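# Structural characterization, general
One-letter residues, chain by chain:
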Amino acid sequence: MIMRTSAELIAPAWLDPARPVPDIRTALPGPRASEILKRDQAVTSPSLPRAYPLMPRRAFGAVIADADDNLFLDFNAGIAVNSTGHCHPRVVEAIQQQAAHLLHYSASDFYLPIYSQMCEALAATAPMTGPVRVFLTNSGAEAVEGALKLARHATGRQNVISFYGGFHGRTYGAVSLTASKSKYHKGFGPLLPGVYHAPYACNRLDPVTGARSHDPDETFDYLENVLFRYELEPTEVAAIFVEPIQGEGGYITPPAQWLVRLRELCDAYEILLVADEVQSGVGRTGKMWAIELAGVQPDILLSAKGIASGLPLGAFMARAELMQAWSMGAHGSTYGGSPVPCAAGLATLEVIESENLLANATEQGEYLLGGLRELWRDFDGLITDVRGVGLMIGVEFRTAAGAEAVQHAAFERGLLVLECGESTLRISPPLVISRDQAETGLRLFADAIGAVAAASLVH
Ligand SMILES: Cc1ncc(COP(=O)(O)O)c(C=O)c1O
């Protein structure tokens, strides 16, 4: 039984309860959004990969009002960031209170009570037995960078392995680990030396049917019989970085046994297992950390995105003896774990607990997954896979063009979903989503797919 969330109880005045959601009243983009778009395009970096012309102006829960006051149902959660929904009253209150008391003091050089509190709260969630230490950052990429440095430092080894399809961020170390699209590397080399990539589970696509299959031995065959045999001694590998569920790479869910085998391989060669939970963590899968689904303990765990409901906060936590391997000054950050993001982070953890958001993610996720699987049966020619757990669900289409067309058709109907991988749409609503909203989203998604299917029959 899911409690009504406080977010449902105290909606802001601008969100008229009599108004349906979504409610699209202008052509998209509307007149105000078009004006902003024009100005934006003249001044911002063209490297930003904008998916469609959404201009959020204000938002609450899973509802976004754009610059023209159209209402959208948000199944993106700001790319898996707004875990407690947009502007959760408890999170907003914590931010406002903290902002009135102390905006900044560098926790790298001084002691900051709220910084230690945030580290304690995160450590209490760590899926590791034994003591854990935490370092706070401003972003996911910074958490990856810190973990890379720690892994090299603590092991005295220089090489690291990550996976094809994996996304770990855009800074140099992180982008060197990233191998989800070659365009992320194009023109930026040389990248960080000592980074190797291996095939992830479930990465194989049948070129004819578009179906995704899994060879349970592929990763391990490659590592043991190719990489470790011809190129790289496993005793010179500091860490393996893995997303327990790949995010940007296509919401790809490996079997639990694959992660168990990865842990065993790491143990055999004393390699650190680093779980990048920047996208999959903080309750998205119905567990606090996705790796818990496999019953595997990482040595280092990375978080960001959902951890502070929208404020810039990231973290890497490690078994205490690993973090104790580096000495004072080895790593720091002026802003990492600044008071206001920490206040948002603490409120986020509190809301996840008090509003049973893990249970809600499981319950609404199962409902959505069931509905999406029915859609797969209805649109078998267009959809090739529906997979996921909790509110981290991927719907894979036969072609990238098909996925993009559905994404746009959904946008036009007021439902926000976002592409990932080659041809997958991710369903990652805020964890506070209600059953009504899940039903509405499912209906709109079916409508969008139906329209695209009908159009492709006509053309
Ligand atoms: C798994 C994963 N790791 C790291 C990152 C990088 O995080 P950020 O964009 O906060 O630097 C992302 C961002 O999408 C991610 O999904």
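Quick caveat, the model's predicted, so the values are computed rather than measured. (Residues numbered from 1 in each chain as written. Predicted model: local features only at pLDDT ≥ 70, side-chain atom pairs only at ≥ 80, totals over all residues. Heavy atoms only, no water.)

### Focus on the environment of Leu431
Applicable threshold: Secondary structure elements follow DSSP: runs of H or I of four or more residues count as helices, runs of E of two or more count as strands, with numbering from the N terminus. Buried residues are those whose accessible area, probed at 1.4 Å on protein chains only, stays under 20% of the maximum for their type, while exposed residues exceed 50% and partly exposed ones sit between those limits. What makes two residues a contact is simply this: any of their non-hydrogen atoms within 4.5 Å.
On the secondary structure map, Leu431 appears in the loop between strand 17 (424–427) and helix 14 (435–458). In this structure Leu431 comes out as buried when scored by relative accessible area, which is 0%. Between the alpha carbons of Leu431 and His104 there is a distance of 29 Å; along the sequence they are 327 residues apart. Non-local contacts of Leu431, meaning those with residues more than four positions away in its chain, are made with Ser83, Val282, Gly283, Arg284, Leu357, Asn360, Ala361 and Leu391.

### Things to note about a nonpolar patch on the surface
Operational definition: The patches described consist of residues with a relative accessible area above 30% and no salt bridge, like charges being joined within 9 Å and nonpolar side chains (Val, Leu, Ile, Met, Phe, Trp, Tyr) within 5 Å. Each accessible area is a Shrake-Rupley result for a 1.4 Å probe, and residues are judged covered by the shown protein chains and nothing else. For this document, the term salt bridge refers to a Lys or Arg side-chain nitrogen within 4 Å of an Asp or Glu carboxyl oxygen.
Among the surface-exposed residues, Leu102, Tyr105 and Phe110 lie close enough to one another that they form a single nonpolar patch of about 290 Å² accessible area. Within the secondary structure layout, Leu102 lies in the loop between helix 4 (89–101) and helix 5 (113–123). Looking at Leu102, the relative accessible area reads 33%, which means it is partly exposed.

### As for the sheet that holds strand 13 (residues 383–389)
The test is simple: Two strands pair if DSSP finds at least two bridges between them. The convention used is that axes are lines fitted to C-alpha atoms, helices contributing only their stretch in contact, and that angles between N-to-C directions extend from 0 to 180 degrees.
One open sheet accounts for four strands, arranged 13-14-17-16; its pairing is antiparallel. The open sheet terminates on both sides in strands that have one partner only, identified here as strand 13 and strand 16 (418–420). The average undirected angle you get between the axes of adjacent strands in this sheet is 30°. As paired strands, strand 13 and strand 14 (residues 392–397) are joined by six bridges and run antiparallel to one another. Residue pairing for strand 14: Gly388 is matched across the bridge by Ile393. Contacting strand 13, strand 14 and strand 17, helix 12 (residues 357–378) crosses the sheet at an angle of about 170° to strand 13. Each of strand 14, strand 16 and strand 17 touches helix 13 (residues 400–412); the most contacted strand, strand 16, lies at about 160° to it.

### Section: the site of the ligand
Our working definition: Near residues are defined by distance, with any heavy atom within 4 Å of the molecule or strand qualifying the residue. As used in this structure description, the phrase polar contact means that two N or O atoms lie within 3.5 Å; if the pair is within protein, one of them must be able to donate a hydrogen and the other to accept it, and residues adjacent in sequence are counted only when both atoms belong to side chains.
The environment of the ligand is formed by Ser139, Gly140, Ala141, Phe167, His168, Gly169, Glu243, Glu248, Asp276, Val278, Gln279 and Lys305. Separating a nitrogen atom of the ligand from a side-chain N or O atom of Asp276 is a distance of 2.7 Å. Taking Lys305, its side chain carries an N or O atom lying 3.2 Å from an oxygen atom of the ligand. Burial of the ligand by the protein chains amounts to 82% of its free accessible area of 390 Å².

### Regarding the sheet that holds strand 11 (residues 300–303)
Taken in spatial order, the seven strands make up an open sheet running 4-12-11-10-9-5-6, and their pairing is mixed. Pairing within the sheet leaves two strands with one partner each, and these edge strands are strand 4 (132–137) and strand 6 (195–198). On average, adjacent strands in this sheet sit at an angle of 20° to one another, irrespective of strand direction. Relative to strand 9 (residues 237–242), strand 5 (residues 159–163) runs parallel, the two sharing three bridges. Residue Ile161 lies in a different strand from strand 9, and its bridge partner there is Ile240. Its contacts with the sheet place helix 8 (residues 218–231) against strand 5, strand 6 and strand 9, and it is angled at close to 145° to strand 6.

### Topic: the packing of helix 4 against helix 11 (residues 339–354)
Angle between the axes and distance between the axes: these two values describe a pair of packed helices. Using the following cut-off: Oblique is the label for any angle not covered by the other classes, which are roughly parallel (under 35 degrees), roughly antiparallel (over 145) and roughly perpendicular (65 to 115). By definition, any crossing whose near helix is turned counterclockwise from its far helix by less than a right angle is left-handed, and any crossing with a clockwise turn is right-handed. Note that Gly is not counted as nonpolar here; it falls among the polar residues with everything else outside the nonpolar set of Ala, Val, Leu, Ile, Met, Phe, Trp, Tyr, Cys and Pro and the charged set of Asp, Glu, Lys and Arg.
For the pair helix 4 and helix 11, the least separation of the axes is 8 Å and the interaxial angle reads 150°. One way to sum up the angle between helix 4 and helix 11 is to call them roughly antiparallel. Here the hand of the crossing between helix 4 and helix 11 comes out right-handed. The segment helix 4 lies against helix 11, with Arg90, Val91, Ala94, Ile95, Gln98 and Ala99 engaging Pro339, Val340, Ala343, Ala344, Ala347, Thr348, Glu350 and Val351. For the contact of helix 4 with helix 11, the per-class residue count stands at 10 nonpolar, two polar and two charged.

### A few points about the layout of surface pockets
Rules: Residues are called lining when one of their atoms sits within 4 Å of a cavity or pocket point, these points coming from a 1 Å grid over the protein atoms alone, where a cavity is a set in which a 1.4 Å probe fits but cannot get out and a pocket is an open set with protein on both sides within 12 Å along at least five of seven lines. Grid points are joined across faces, edges and corners, and a volume is the space filled by probe spheres set on the points.
The volume enclosed by the second largest pocket comes to roughly 940 Å³. Lining the second largest pocket are 25 residues, and of these Ala107, Ser108, Tyr115, Arg133 and Phe135 lie nearest its centre. Only helix 5 and strand 4 provide two or more residues apiece to the lining of the second largest pocket. Tallied by class, the residues present in the lining of the second largest pocket amount to 13 nonpolar, nine polar and three charged.

### Some thoughts on unusual backbone geometry
In this model, Val21 is joined to Pro22 through a cis peptide bond whose omega is 0°. Tracing the backbone through its elements, the reader meets Pro22 in the loop between helix 1 (6–9) and helix 2 (31–43). A cis amide bond links Gly189 to the next residue, Pro190, at an omega of 0°. One non-glycine residue, Tyr251, lies in positive phi territory at about 50°. As for its position among the elements, Tyr251 is in the loop between strand 9 and helix 9 (256–269). The buried category is assigned to Tyr251, whose relative accessible area is 0%.

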